[in-house]
Amino acid sequence: AVMALSLAACGGSGSGSSGGSSGSNAPAETTALQVSGVTANKNVLEGQATETTTAEEKVIDESKKRELVVGVDSEPTGQVQFDKDNQGSNRYNTMTCNIYEGAFELTEEGDIKPLLATKYEANEDYTVWTVYFKDNVYFSNGDHMTAEDVKWSWESIAECKNSSTLWTNFDYVEIIDDYTVAIHLKASYMPLIYSALAGRVGLIYDKQWFDKVGLEGYRAEPIGTGPYVLTEVKPADRQVYTKNPNYWNKDELDPFYEKVTLRILTDQNTQMLALENNEIDVLLNAKLPPLLQLPANTDIKYKLTQAAGPMWVQFNETGDVPTKDINIRKMIASCIDREAINTVLYNGYSQEAKYIGAEFFMDAPHDD
């Protein structure tokens, strides 16, 4: 059976114009990874820990040659977070985090797990964070990763407008020795590890490669320490990722798939046909209406989970405008038929949001 997956990015805010709406696509989301009888290595799609599979689960059509074909609805961009032209989207973070790695990563339980680093320490007022790195990490091109790469990566990313908010109170990075750095903040910020060092804005890039090829060269041939490398790009058609032959962490993580191909399919009908014809194994950001129209005997499977962000209406509150009055905004809010929106737009599968943000976020408020 093939599976339609929809992994949402965080919803953005509107432009501030009266009546504008914004947010991530809702409501079909899933992180299930059962594909063609194989439990996909979770690192393939999420850059997280390896899933364990049994010998029986690994029985697949040999003609596939351990290739996973993933359909996406637009061209993946932003492979380098230090790119000042990068829009800061994490929509295709699922593949970016297979090219690159960071000092730490988050487990499914929300705990901090060392990856390229071994540990960290903070001073009493949490303005200096010392991070200790492993000495056996190599980039996919064979360059040895050192503190120089860490300092350059983090300072370059922190300068980007779309990443700076996750590097709250950032000042500079100090090199202690070849494998140790100290992050200096302008003021205390206790969530630094969660917000920056264990996320997409804390990935480590190859300074030596950037000095050689520049930004355009790095965009064309991104180099990281991750288990996959980008080996082929056909604009508006596909991107191909293959296993990193120089991966430093093979003893702990050896992805099942030798090759992951992203197929760019912008039309929803084309996406469904590709699933039905077994041209793709997985579809990211699947839309609910075409899935609901699939025949009852289809082998395509999907799972609905909560979206990362809701849809909302945002009003202009600046200048001499009626919506500056909170009572006007409350009146409009009271007139919105949320159940009708749910029925007409989301086929009854959505639910009223309690706040901006998903309930599964670690910082989301909970009744308990």
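All values reported here derive from a predicted model rather than from experimental measurement.

Cut-off values and rules
- Residues numbered from 1 in each chain as written.
- Predicted model: local features only at pLDDT ≥ 70, side-chain atom pairs only at ≥ 80, totals over all residues.
- Heavy atoms only, no water.
- Helix = DSSP H or I, 4+ residues; strand = E, 2+ residues; numbered from the N terminus.
- Pairing = 2+ DSSP bridges.
- Axes fitted to C-alpha atoms, helices over the stretch in contact; angles between N-to-C directions.
- Contact = heavy atoms within 4.5 Å.
- Nonpolar A, V, L, I, M, F, W, Y, C, P; charged D, E, K, R; others polar.
- Expected span 1.5 Å × (residues − 1).
- Buried < 20%, exposed > 50% of the residue type's maximum accessible area, 1.4 Å probe, protein only.
- Phe/Tyr/Trp six-rings, centres within 6.5 Å; stacked < 30°, edge-to-face > 60°.
- Lys NZ or Arg CZ within 6 Å of the ring centre and 35° of its normal.

### Quick notes on unusual backbone geometry
Next, step 1: Its identity as a non-glycine residue notwithstanding, asparagine 169 has a phi of 65 degrees, on the positive side.
Next, step 2: As for its position among the elements, asparagine 169 is in the loop between α4 (161–164) and β10 (170–177).
Next, step 3: A positive phi angle, near 65 degrees, is found at alanine 236, a position not held by glycine.
Next, step 4: For alanine 236, the position within the fold is in the loop between β12 (228–234) and β13 (238–243).

### Some remarks on the pairing of strand β8 (residues 117–122)
Next, step 1: Looking at chain direction, β8 and strand β9 (residues 128–133) are connected through five bridges and run antiparallel. Across the sheet, the residue bridging to tyrosine 120 is valine 131, located in β9.
Next, step 2: Counting the residues between successive antiparallel strands, the hairpin from β8 to β9 contains five residues, one of them, tyrosine 126, with a positive phi of roughly 60 degrees.

### Looking at the packing of helix α3 (residues 147–159) against helix α6 (residues 207–220)
Next, step 1: α6 packs onto α3 with a crossing angle of 65 degrees between their chain directions and a minimal axis gap of 8 Å. Touching Glu148, Asp149 and Trp152 of α3 are Lys207, Gln208 and Phe210, all from α6.
Next, step 2: Within the contact of α3 with α6, the residues separate by chemical class into two nonpolar, one polar and three charged.

### Overview of the sheet that holds β9
Strand pairing in a sheet relies on backbone hydrogen bonds. The paired strands run either parallel or antiparallel.
Next, step 1: One open sheet accounts for four strands, arranged β8-β9-β11-β10; its pairing is antiparallel. Each end of this open sheet is capped by a strand with a single partner; those strands are β8 and β10. In this sheet, adjacent strand axes meet at a mean angle of 20 degrees when their direction is disregarded.
Next, step 2: Running at roughly 180 degrees to β10, α3 makes contact with β9, β10 and β11 (180–185) of the sheet.

### Considerations on α3
In an α-helix, one turn spans 3.6 residues, which is why side chains three or four residues apart end up on the same side.
Next, step 1: Taking 1.5 Å of rise per residue, the 13 residues of α3 would be expected to cover 18 Å, and the 18 Å separating its terminal C-alpha atoms lies within 8% of that figure.
Next, step 2: Among the residues of α3, those classed as buried are Ala147, Asp149, Val150, Trp152, Ser153, Trp154, Ser156, Ile157 and Ala158.
Next, step 3: Packed against the buried residues of α3 are β9, α4, β10, β11, α5 (192–197) and α6.

### Notes on the packing of aromatic side chains
Next, step 1: Taken as a whole and assessed by the stated rule, the structure comprises 16 aromatic pairs.
Next, step 2: Taking 5.4 Å as the distance between ring centres and 85 degrees as the angle between the ring planes, the aromatic pair formed by phenylalanine 82 and phenylalanine 210 counts as edge-to-face. Note that phenylalanine 82 is positioned in the loop between β5 (67–72) and α2 (93–99) and phenylalanine 210 in helix α6, a separation of 128 residues in sequence.
Next, step 3: For phenylalanine 210, a relative accessible area of 22% puts it in the partly exposed group.
Next, step 4: The interplanar angle of 85 degrees and the centroid separation of 5.1 Å between the aromatic rings of phenylalanine 256 and tyrosine 257 together place this pair among those described as edge-to-face. There is no split in this pair, since phenylalanine 256 and tyrosine 257 are both buried.
Next, step 5: What links up through ring pairs into an aromatic cluster is the set Phe82, Tyr100, Trp152, Tyr205, Phe210 and Tyr218.
Next, step 6: Here the guanidinium or amino end of arginine 66 rests over the ring plane of phenylalanine 256, the centre of that ring lying 4.4 Å away.

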